[in-house]
Amino acid sequence: MSEGAAVAGADGALRCPWALSTADYVAYHDEEWGRPVHGDQALFERLSLEAFQSGLSWITILRRREGFRAAFAGFRIAEVAAFADADRERLLRDAGIIRNRAKIDATLANARVLAEWAPGELDELIWSHAPDPAGRPAPRTLADVPAVTPESTALSKALKKRGLRFVGPTTAYALMQACGLVDDHLRECAARGAG
């Protein structure tokens, strides 16, 4: 078996090897990761969580997701955009999230920018950067999965140009993977093509 190839889980199903370390990862991998996500609120949540993940393991974010949802009003853009200084201070004290000042400030700033957009505009912008799946062979091992692509670089630039923060090319690619713009489940993974 190749290093980084799909691995059988306890149930015998082949999965991407990163998914097998915890039950939380198995559920996320099987039910969410790589499946299409649409809607401005859902995409704002994913974009925010990917930004918070920067420099951390995804499991740290995944296990605090409900805390993030509670702290950020369910990621309802208009509500987060209306957060005042007292809300910012509350977030900086909230042990249920990652208390990183720069990431909190970016999330609040991003909500304020997005509150000015037309409904569906975030969804349209993000999905306009989805690559043609026909031009992307299924990865055989984790080594075949990139961290950045031309499309994620273009998405990052488009988001930054529109005023969003903490949306570098690596974060943009993680968003593309998580939201199903690309299917980076390994070729032998049972979840490949499930989206």
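Quick caveat, the model's predicted, so the values are computed rather than measured. (Residues numbered from 1 in each chain as written. Predicted model: local features only at pLDDT ≥ 70, side-chain atom pairs only at ≥ 80, totals over all residues. Heavy atoms only, no water.)

Participant: Whenever I open this one, the packing of aromatic side chains confuses me. Can you help?
Facilitator: Aromatic ring pairs are described here by two measures, namely the spacing of the ring centres and the angle between the planes. On inspection of all chains with the given rule, the structure shows eight aromatic pairs. Judged by centre distance (5.6 Å) and plane angle (40 degrees), the rings of Tyr28 and Trp58 are tilted. Remark: Trp58 occurs in helix α3 (residues 58–62) and Tyr28 occurs in helix α1 (residues 23–31); sequence separation between them is 30 residues. Each member of the pair, Tyr28 as well as Trp58, carries the same accessibility label: buried. Ring plane angle 55 degrees and centroid distance 5.9 Å describe the contact between Phe52 and Phe72, whose orientation is recorded as tilted. On the criterion of sequence distance, the pair formed by Phe52 in helix α2 (residues 40–53) and Phe72 in the loop between α4 (65–71) and α5 (77–81) is long-range, its members being 20 residues apart. Phe72 shares its class with Phe52; the two are buried. Through successive ring pairs, a cluster of aromatic residues spans Phe44, Phe52, Phe68, Phe72 and Phe75. Its end group placed over the ring of Phe83, Arg90 keeps NZ or CZ at 5.3 Å from the ring centre. One residue, Arg162, lies across the ring of Trp117, its end atom 4.0 Å from the ring centre. (Phe/Tyr/Trp six-rings, centres within 6.5 Å; stacked < 30°, edge-to-face > 60°. Helix = DSSP H or I, 4+ residues; strand = E, 2+ residues; numbered from the N terminus. Buried < 20%, exposed > 50% of the residue type's maximum accessible area, 1.4 Å probe, protein only. Lys NZ or Arg CZ within 6 Å of the ring centre and 35° of its normal.)

Participant: Can you help me understand the nonpolar core in this one?
Facilitator: Side chains that are nonpolar tend, in soluble globular proteins, to be buried together. In this structure, Phe44, Phe68, Phe72, Leu91, Leu122 and Leu159 are the most contacted members of the largest nonpolar core, which totals 47 residues. Residues in contact with Leu91, not counting those within four places in the same chain, are Ala71, Phe72, Phe83, Ile97, Arg99, Ile104 and Leu108. (Core = buried A, V, L, I, M, F, W, Y, C linked by side-chain atoms within 4.5 Å. Contact = heavy atoms within 4.5 Å.)

Participant: Hey, could you run me through the UniProt feature "binding site: Zn(2+)" (unreviewed entry) in the protein chain in this one?
Facilitator: Residues annotated in UniProt with the feature "binding site: Zn(2+)" (unreviewed entry) correspond here to Cys16, His29, His185 and Cys189. Judged by maximum C-alpha separation, these annotated positions cover 174 residues in sequence but sit close together in space, the widest gap being only 10.2 Å. Along the chain, the position of Cys16 falls in the loop between β2 (14–15) and α1. Judged by its relative accessible area of 0%, Cys16 is buried. Those residues within four positions of Cys16 in sequence are excluded, and the remaining contacts are His29, Asp184, His185, Leu186 and Cys189. Here His29 shows up in helix α1. Given the relative accessible area of 0%, His29 is considered buried. (UniProt positions renumbered as here; feature names shortened; annotations may be inferred.)

Participant: How do you make sense of the side chain of Thr149 when you look at a structure like this?
Facilitator: Looking at where Thr149 falls in the secondary structure, it is placed in the loop between α8 (121–127) and α9 (150–161). Thr149 sits in the buried class, given a relative accessible area of 8%.

Participant: Is there a simple way to think about the packing of α2 against helix α10 (residues 169–178) in this case?
Facilitator: Between two packed helices, both the angle of their axes relative to each other and the distance between the axes serve to describe the pair. Two elements in contact, α2 and α10, have axes whose closest approach is 9 Å; the angle formed by their N-to-C orientations is 130 degrees. Judged on the interaxial angle alone, α10 and α2 are oblique. Two packed elements cross with a definite hand, and for α2 against α10 that hand is right-handed. In contact with Leu43, Arg46, Leu47, Glu50 and Ala51 of α2, α10 contributes Thr171, Ala174, Leu175 and Ala178. Partitioned by chemical class, the residues of the contact of α2 with α10 number six nonpolar, one polar and two charged. (Axes fitted to C-alpha atoms, helices over the stretch in contact; angles between N-to-C directions. Parallel < 35°, antiparallel > 145°, perpendicular 65-115°, else oblique. Left-handed = near helix turned anticlockwise from the far one by under 90°. Nonpolar A, V, L, I, M, F, W, Y, C, P; charged D, E, K, R; others polar.)

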